[in-house]
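# Inside the fold
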Amino acid sequence: MSGETFDVIIVGAGVLGVATAYYLQKNSPEKKILLVERTLAAGQANTAMSAAAVRNMFASSTNQLLADTSLNYFEHVQEKLGYDLLFEKTGYLWLLSEEQFNQDTVKVWMERMKKSKIRYKVYKKEELKKMIPSLNMDFAGDPEAELMNLQEVSFGLFGEDCGVLDATRLVEYYFEEFTKISNVKPRFGVEVEKILLDADPTLDLPGEPYAWQKKKANGVITDKGTIIADVVVLATGAWANQLLDPIGIDSMTKGKKRQIFVLHAEDKKELEKLLDTKGFNEIGCIPFTILPSAGVFFRPQLQERGFWTGCGDKVGREYKYIQTDEDMVPESSYYENSIYPVLSKFFPAFQGARPVNSWAGGYCYSPDRIPFVYFECGVLVVNGASGSGIMKADAMARIADALYRGEPEAELFGGTKIPSNTLSIKDRDVEVESVVL
Ligand SMILES: Cc1cc2nc3c(=O)[nH]c(=O)nc-3n(C[C@H](O)[C@H](O)[C@H](O)COP(=O)(O)OP(=O)(O)OC[C@H]3O[C@@H](n4cnc5c(N)ncnc54)[C@H](O)[C@@H]3O)c2cc1C
């Protein structure tokens with residue numbers, strides 16, 4: 001395939017790569033767009049490792065908009081287009097201590113949600129006690145709880161339009177829509193080794209590009225040969241630095257390992273009861289729940305009759321490139337020592353619960369926890385989703401498409417417009433996100 005020429009090559013077929021491929025092709029049907037991926041199918045890397053929970057409950061207006069419009073689109077796909085994403089509005093329940101609830105950041109978070117018309121409710125301690133009788137809200141006289149810095153629950157902040165979906169189904173949806181309209185077959189098992197950077201315009205001199213020349217990517221070198229393209233879309237998530245560093249573009253993103261552990265509720269009466277908690281949503285199940293301490297959370301997994309649990313710990317775990325398969329190996333000790341003690345203190349129903357499955361993947365963090373979508377020297381970068389790329393995928397892909405077409409504004413689902421350079425590095429116009437898991 002050496003020397004083949006395309007208008008666009010999209011590197012990476014995770015949810016961001018396939019959604020971008022779809023919008024680019026839809027709005028530029030005449031363009032030859034090639035999607036390449038090193039694994040053997042779309043959505044096999046971090047997209048498949050996600051908890052696939054989706055929320056519009058962010059503190060920054062930008063993340064609110066990206067997630068809210070994406071969630072509305074997912075609902076549209078499921079309800080109006082009839083494509084089942086297994087999107088279930090379980091809601092998100094943040095359990096907060098009195099001190100946390102009264103923090104300025106939480107006040108700003110609620111104010112901004114109100115302004116953006118994002119629906120949420122506040123539950124007081126007594127209401128929560130009635131709704132979730134098995135929630136332990138009183139640690140008085142418990143030395144272990146004190147040792148573990150556990151904070152008592154006083155409030156619940158609940159987002160009713162949030163929920164969970166199936167990330168694989170979402171990827172399949174965008175992939176199928178893309179391949180229906182594309183005239184180029186996507187290629188799997190192709191590893192991009194290098195982005196080709198040339199002088200713009202080239203003078204055909206040896207050793208170009210020189211420092212004084214403008215530079216532009218004009219293709220990639222892969223393990224199967226060279227591919228020439230007018231634009232290179234980089235949607236390689238936690239691996240962005242591997243291709244950007246060598247050409248001197250600072251992605252400003254860092255990787256961090258995150259893990260999910262699966263717990264089954266079947267035949268465990270107390271866990272079944274917790275899973276089937278009524279009153280929060282129409283499904284009659286416990287919402288995606290975030291504990292007030294240590295960043296521990298769990299989501300209901302209704303098809304498996306169980307829970308997925310994880311932890312968004314802040315300090316202690318290293319930032320690093322996600323490079324080897326080892327970086328993706330879950331650690332049972334992390335569940336045993338960090339997650340389980342907290343989980344079972346707040347919810348004694350989890351006592352004795354051991355994972356039946358687990359996996360790990362990499363978050364791609366930006367410094368302000370807002371995604372990046374920008375053009376730099378012919379490379380269109382779509383990354384930095386900071387652990388929430390499923391829930392923002394639709395909006396990020398629409399912005400990438402607007403940038404590709406040179407549109408000053410991107411129209412998100414539902415008609416809201418956003419300047420196309422909002423998520424760029426140079427013209428970034430965003431608030432720092434404080435609600436990160
Ligand atoms: C444990 C965990 C839980 C998460 N939970 C959630 C959640 O609940 N909700 C949510 O919204 N988000 C969640 N996320 C984050 C979410 O998974 C990511 O934000 C999202 O998948 C990013 O999509 P992507 O397309 O950039 O990444 P990826 O799915 O990683 O796609 C990048 C693709 O690029 C390919 N690639 C990389 N380098 C090359 C190369 N050189 N050549 C060819 N191909 C290459 C990879 O193989 C991969 O398929 C979670 C992530 C993890 C790890």
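Everything below is about the structure shown above.
Residues numbered from 1 in each chain as written. Predicted model: local features only at pLDDT ≥ 70, side-chain atom pairs only at ≥ 80, totals over all residues. Heavy atoms only, no water.

## Examining the pattern of salt bridges
Put simply, the rule is: The term salt bridge refers to a pairing of a side-chain nitrogen on Lys or Arg with a carboxyl oxygen on Asp or Glu at a separation within 4 Å. Labels follow the DSSP assignment, with helices taken as runs of H or I lasting at least four residues and strands as runs of E lasting at least two, numbered in each case from the N terminus. In this scheme, a residue with accessible area under 20% of its type's maximum is buried, one over 50% is exposed, and one in between is partly exposed, where area comes from a 1.4 Å probe on protein chains only.
For the structure shown, the criterion picks out 25 salt bridges. A salt bridge links Arg112 to Glu431; its shortest N-O distance comes to 3.5 Å. Of the two residues, Arg112 sits in helix α5 (residues 104–115) while Glu431 sits in the segment after β20 (417–419), which places them 319 residues apart along the sequence. On the basis of relative accessibility, which here comes to 24%, the residue Arg112 falls in the partly exposed class. Note on Glu431: relative accessible area 27%, which makes it partly exposed. Among the salt bridges present, the one from Arg428 reaches Asp368, with a minimum N-O distance of 2.7 Å. Within this pair, whereas Arg428 is found in the segment after β20, its partner Asp368 is found in the loop between β16 (357–365) and β17 (372–376), the two being separated by 60 residues in sequence.

## So, the site of the ligand
Defined as follows: Whether a residue is near a molecule or strand is decided by its heavy atoms; if any one of them lies within 4 Å of it, the residue is near. In the scheme used here, Gly and all other residues not listed as nonpolar or charged are polar, with Ala, Val, Leu, Ile, Met, Phe, Trp, Tyr, Cys and Pro taken as nonpolar and Asp, Glu, Lys and Arg as charged.
Within the structure, the ligand sits among 36 residues, and Glu37, Thr47, Ala53, Val192 and Gly389 are positioned closest to it. Listed by contribution, the elements that provide at least two residues to the shell around the ligand are α1 (15–27), α2 (46–49), β12 (254–264), β16 and α12 (389–404). Residue classes in the shell around the ligand are distributed as 18 nonpolar, 14 polar and 4 charged.

## Here we look at helix α3 (residues 61–79)
For the record, the criterion: Helix span, as expected, comes to 1.5 Å for every residue beyond the first. What makes two residues a contact is simply this: any of their non-hydrogen atoms within 4.5 Å.
For α3, spanning 19 residues, the distance from its first C-alpha to its last is 26 Å, which sits close to the expected 27 Å at 1.5 Å a residue. Considered for burial, the residues of α3 that qualify are Thr62, Asn63, Gln64, Leu66, Ala67, Thr69, Ser70, Leu71, Tyr73, Phe74, Val77 and Gln78. Buried residues along α3 sit against α1, β3 (53–54), α5, α8 (167–181) and α12.

## As for unusual backbone geometry
Residue Pro201 is reached from Asp200 by a cis peptide bond, and omega for that bond is 0°. Of note, Pro201 is situated in the loop between β9 (192–199) and β10 (215–222). Across the junction of Glu208 and Pro209, the peptide omega takes the value 0°, indicating a cis bond. Of note, Pro209 is situated in the loop between β9 and β10. Even without being a glycine, Ala52 presents a positive backbone phi close to 50°. As for its placement among the helices and strands, Ala52 is situated in the loop between α2 and β3. Notably, Leu86 is not glycine yet its phi reads approximately 55°, a positive angle.

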